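# Chains, contacts and geometry: an overview
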Amino acid sequence: MKKGRNYYLIGLPIFGIALVVGLITMIGVAIKNPVEMDSSHMMPYRELDKNYNQIAEAEKKFDSKYNIAFSKLVAQKDKPAKLELNITEKNGNPADVKITALVTRPDTSKYDIKITDFHKAESTYLSQPFSLGLEGRWKVVYKIEAGDMQKFLDF
């Protein structure tokens, strides 16, 4: 009777080495590509997590007092664009608010454009012109403040 070879003892070390190499590669990729600040609330996620209940309450108060309307933003590479918001109180009067906008790419904060200078004409707020240096997906995040109330919007 002829005995067959058993490759079981060779397979275990190969599997172990492959597992260690995979883990080292995964850790290397994670170190080279760190998690960047989530731009949904324009603050580090730890600060957002710590103060989320207060932020949610301030947003509820804001929603109960103000109406917000957007105009569609069509931006092209290297052509000036403007952000426009229409903010009124529930009774129809123009609102007096402070707006900060962040134009960002969803995958990185390297090309962020922060806009704080908005001109008010009655209830319409219009930003200074800006241009996008790259084509692709962009996201606009607004932080609207009125006294102790605030609202965060993604567009």
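Our subject is the structure that appears above.
My aim in this report is to walk through the structure given alongside it, one point at a time. (Residues numbered from 1 in each chain as written. Predicted model: local features only at pLDDT ≥ 70, side-chain atom pairs only at ≥ 80, totals over all residues. Heavy atoms only, no water.)

### Some points on the sheet that holds strand 2 (residues 84-89)
The test is simple: Pairs of strands are assigned from DSSP output, requiring at least two bridges between the strands. Per the convention used, a helix needs a DSSP run of H or I reaching at least four residues, while a strand needs a run of E reaching at least two, with both numbered from the N terminus. Helix axes are fitted only over the stretch in contact, all axes being lines through C-alpha atoms; the angle between N-to-C directions runs from 0 to 180 degrees. Contacts were defined at the residue level, with two residues in contact if any of their heavy atoms lie within 4.5 Å.
Strand order across the open sheet formed by four strands is 1-2-6-5, with antiparallel pairing between neighbours. For this open sheet the edge positions go to strand 1 (66-70) and strand 5 (118-121), each flanked by a neighbour on one side alone. Each strand axis lies, on average, 25 degrees off the axis of its neighbour in the sheet, ignoring direction. Direction of pairing for strand 1 relative to strand 2: antiparallel, over a ladder of five bridges. Each bridged residue has a counterpart across the sheet, and for Tyr-66 the counterpart in strand 2 is Glu-89. Against the sheet, helix 3 (residues 52-65) makes contact with strand 1 and strand 2, and its axis sits at roughly 85 degrees relative to strand 1, the strand it touches most.

### Side note on the sheet that holds strand 4 (residues 108-115)
With antiparallel pairing, four strands are arranged side by side in an open sheet as 4-3-7-8. In this open sheet, the two edge strands, each paired with only one partner strand, are strand 4 and strand 8 (149-154). Each adjacent strand pair in this sheet contributes to an overall mean axis angle of 20 degrees, direction not counted. Looking at chain direction, strand 3 (residues 98-105) and strand 7 (residues 139-146) are connected through seven bridges and run antiparallel. Opposite Thr-100, over in strand 7, you have Lys-143 as the bridge partner.

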